[in-house]
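Summary of structural features
For reference, the chains in residue letters:
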Amino acid sequence: MTEEMAELDQDRMIVLSLKPRFAEAILAGTKTVELRRTTPKIEVPTRALLYASTPVRALLGTCIITSVTSARLTDLWHEYGSRADLPFHEFKRYFEGVEVGTALTLDEQRPLSRRVPLQDLRAKPRGFRPPQSFSYVDSKTGDRLLRMAA
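Bringing helix 3 (residues 73–80) into the picture now. Every buried residue of helix 3 is accounted for by Leu73, Leu76 and Tyr80. Buried residues of helix 3, viewed axially, fall in a sector of 60 degrees; they line one side. Residues His78 and Glu79 are exposed on helix 3 and point more than 90 degrees away from its buried face. Summarising the contacts, the buried residues of helix 3 are in contact with strand 2 (33–36), strand 4 (58–72), helix 4 (88–94) and strand 5 (100–117).

Before going further, it helps to spend a moment on the packing of aromatic side chains. In the structure shown here, the tally under the stated rule is 6 aromatic pairs. Aromatic side chains Tyr94 and Phe95 sit 4.8 Å apart centroid to centroid with 75 degrees between the ring planes, which places their arrangement in the edge-to-face category. The exposure class of Tyr94 is partly exposed, given its relative accessible area of 34%. Classification of Phe95 as buried rests on a relative accessible area of 1%. Taken together, the ring pairs in this structure connect Trp77, Phe88, Phe91, Tyr94 and Phe95 into an aromatic cluster.

The pairing of strands in a sheet comes from backbone hydrogen bonds and takes either a parallel or an antiparallel form. Strand order in this open sheet of 6 strands is 2-5-4-3-1-6, and the pairing throughout is mixed. Two strands close off the open sheet at either side, each with one partner strand: strand 2 and strand 6 (134–138). Within this sheet the neighbouring strands show an average axis-to-axis angle of 40 degrees, counted without direction. Where strand 4 meets strand 5, 12 bridges bridge the pair, whose relative direction is antiparallel.

Conventions used here
- Residues numbered from 1 in each chain as written.
- Predicted model: local features only at pLDDT ≥ 70, side-chain atom pairs only at ≥ 80, totals over all residues.
- Heavy atoms only, no water.
- Buried < 20%, exposed > 50% of the residue type's maximum accessible area, 1.4 Å probe, protein only.
- Helix = DSSP H or I, 4+ residues; strand = E, 2+ residues; numbered from the N terminus.
- Arc of directions from axis to C-beta.
- Contact = heavy atoms within 4.5 Å.
- Phe/Tyr/Trp six-rings, centres within 6.5 Å; stacked < 30°, edge-to-face > 60°.
- Pairing = 2+ DSSP bridges.
- Axes fitted to C-alpha atoms, helices over the stretch in contact; angles between N-to-C directions.

Rendered as structure tokens:
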């Protein structure tokens, strides 16, 4: 266990809903920054569960969010664009209508030993619904979701 892991926020985790290509890029290590229109309310470092949206619809892995930075879009692109694994035209389209965006710096990406499909996620724990963008789960629920991959 790294020193950083020992300092993780143990009370809750964040579930990031991602397009499948971005979830795969995070797990492959080619995407080390996730860009968001809304800033999550987390303390860093925090464990993130990576959920791939349609058509995959499954929990794929985990990573650690090591920093959260909000900035004007031009600054955000110059500082983090090369690590976000997305072309500038997609960046512009995603952030259309806002002036400030957020960069989540990711580390310790780990794929699950088995993908956990949405139908299994909905069965246990009761009431789990993948978020549109992100949501928070308590650590007990997050650990239960991760054990489903074993």
